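Residue-level listing of the chains:
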Amino acid sequence: MTHTPSYWAVVPAAGVGKRMQADRPKQYLELVGKTVLEHTLSRLLQTKVFSAVSVAISVEDPYWPELAVSKNECVLTAPGGKERADSVLSALQAISGRASEQDWVLVHDAARPCITAADIRLLIDSLQDDEVGGILALSSHDTLKSVEGGSIVGTLDRAHIWRALTPQMFRYGRLKQALEASVGNPAVTDEASALELFGMRPKIVEGRPDNIKITRPEDLPLAQFYLEQQQ
Ligand code: CTP
Ligand code: MG
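Parameters and conventions
- Residues numbered from 1 in each chain as written.
- Chains lettered and ligands numbered in written order.
- Predicted model: local features only at pLDDT ≥ 70, side-chain atom pairs only at ≥ 80, totals over all residues.
- Heavy atoms only, no water.
- Near = heavy atom within 4 Å.
- Polar contact = N/O pair within 3.5 Å; in protein donor to acceptor, adjacent residues only side chain to side chain.
- Areas by Shrake-Rupley, 256 points an atom, 1.4 Å probe, with all protein chains shown as cover.
- Nonpolar A, V, L, I, M, F, W, Y, C, P; charged D, E, K, R; others polar.
- Helix = DSSP H or I, 4+ residues; strand = E, 2+ residues; numbered from the N terminus.
- Buried < 20%, exposed > 50% of the residue type's maximum accessible area, 1.4 Å probe, protein only.
- Pairing = 2+ DSSP bridges.
- Axes fitted to C-alpha atoms, helices over the stretch in contact; angles between N-to-C directions.
- Contact = heavy atoms within 4.5 Å.
- Phe/Tyr/Trp six-rings, centres within 6.5 Å; stacked < 30°, edge-to-face > 60°.

1. Some details on the site of ligand 1
Now for step 1: By nearness alone, 19 residues border ligand 1, and Gly 17, Lys 18, Lys 26, Ser 87 and Lys 213 come closest of all.
Now for step 2: One nitrogen or oxygen atom from the side chain of Ser 87 is found 2.7 Å from a nitrogen atom belonging to ligand 1.
Now for step 3: Lys 213 is positioned such that a nitrogen or oxygen atom in its side chain is 2.6 Å from an oxygen atom of ligand 1.
Now for step 4: Calculation on ligand 1 without its partners gives an accessible area of 570 Å², and the protein chains cover 87% of this total.
Now for step 5: Residue composition of the shell around ligand 1, by class: six nonpolar, five polar and eight charged.

Printed below as a string of structure tokens:
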């Protein structure tokens, strides 16, 4: 029996934003009239693609219940974990009764509010017939150096180097299995790396450069500029 897969979104939003050095986690900083997290969730919800958006939130988070979107019927709240991968796994567990093994999950960082509907559509259209799935990624415009002790020891072949963005799109069953198997592994910094450890070869889909992750203070005005440009 063939079954048309459903799509689910998972949003890890349980980080503390240490590098941002703000008075609150960066997903709650305000940007063009809304918090970063509200922008991110509204971009995902606007696509109307997802059966639900499962959001991982720190159990001590006082900000989340104050946002109207936390009560949206398409939004589920899961407890955040120690590392990003733990938060993603928790958000996957929150849909375990509803998602099928072959369903698609798009994992998207809360800290990437400039994601466009066009890039979400491109990722889905590019990968929906793929066995494994894949990620949005960017090629590097700069020449890349391999460095040891402050000195250059080689130049990397740029054709083989891509920067991993989100969303990352994988099958529910396989993603959950891969993340469960890699709990505590510091090398697993995104979903693709968990599947790579299982010998799989996720695809890359070239995304837009404005899909930045807000990480440091200087990223905030840049994200504001992109959001205003996109409106
Ligand atoms: N994240 C999470 N659970 C964690 C750590 C991170 O859900 N235990 C989320 C963050 O909220 C963010 C995304 O994963 O949306 C990407 O992580 P990152 O940019 O590293 O955010 P923080 O961990 O919050 O920032 P920092 O590393 O500077 O502390
Ligand atoms: Mg972090």
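Now that the structure is up, let's keep going.
2. Quick look at the side chain of Gln 27
Now for step 1: Within the element layout of this structure, Gln 27 appears in the loop between β1 (7–12) and β2 (30–31).
Now for step 2: You can call Gln 27 buried: its relative accessible area is 5%.

3. Structural notes on the pairing of β1
Now for step 1: Most of β1 is tucked away: six of the six residues are buried.
Now for step 2: Of the two faces of β1, both are covered, the one formed by Tyr 7, Ala 9 and Val 11 as well as the one formed by Trp 8, Val 10 and Pro 12.
Now for step 3: Bridging between β1 and strand β6 (residues 104–107) involves four bridges; their strand directions are parallel. Residue pairing for β6: Trp 8 is matched across the bridge by Val 105.
Now for step 4: As defined by bridge partners, β1 adjoins strand β4 (residues 53–57) across four bridges and the pair is classed as parallel. Residue pairing for β4: Ala 9 is matched across the bridge by Val 53.

4. Focus on the sheet that holds β4
Pairing between sheet strands relies on hydrogen bonds along the backbone, with the strands arranged either parallel or antiparallel.
Now for step 1: As summarised here, the arrangement of the seven strands in space is β5-β4-β1-β6-β10-β7-β11, forming an open sheet in which the pairing is mixed. Every other strand in the sheet has two partners, leaving β5 (75–79) and β11 (203–206) as the edge strands with one partner each. On average, each strand axis in the sheet is inclined to that of its neighbour by 30°, with strand direction left out of account.
Now for step 2: Running over the sheet, helix α2 (residues 84–93) touches β1, β4, β5, β6 and β10 (162–171) and is turned about 145° from β1.
Now for step 3: Running over the sheet, helix α4 (residues 172–181) touches β6 and β10 and is turned about 120° from β10.

5. Considering the packing of aromatic side chains
Now for step 1: The final tally for this structure, using the stated rule, is two aromatic pairs.
Now for step 2: Seen in terms of ring centroids, Phe 225 and Tyr 226 are 5.8 Å apart; in terms of plane orientation they differ by 55°. Their pairing is tilted.
Now for step 3: Since its relative accessible area comes to 21%, Tyr 226 is described here as partly exposed.

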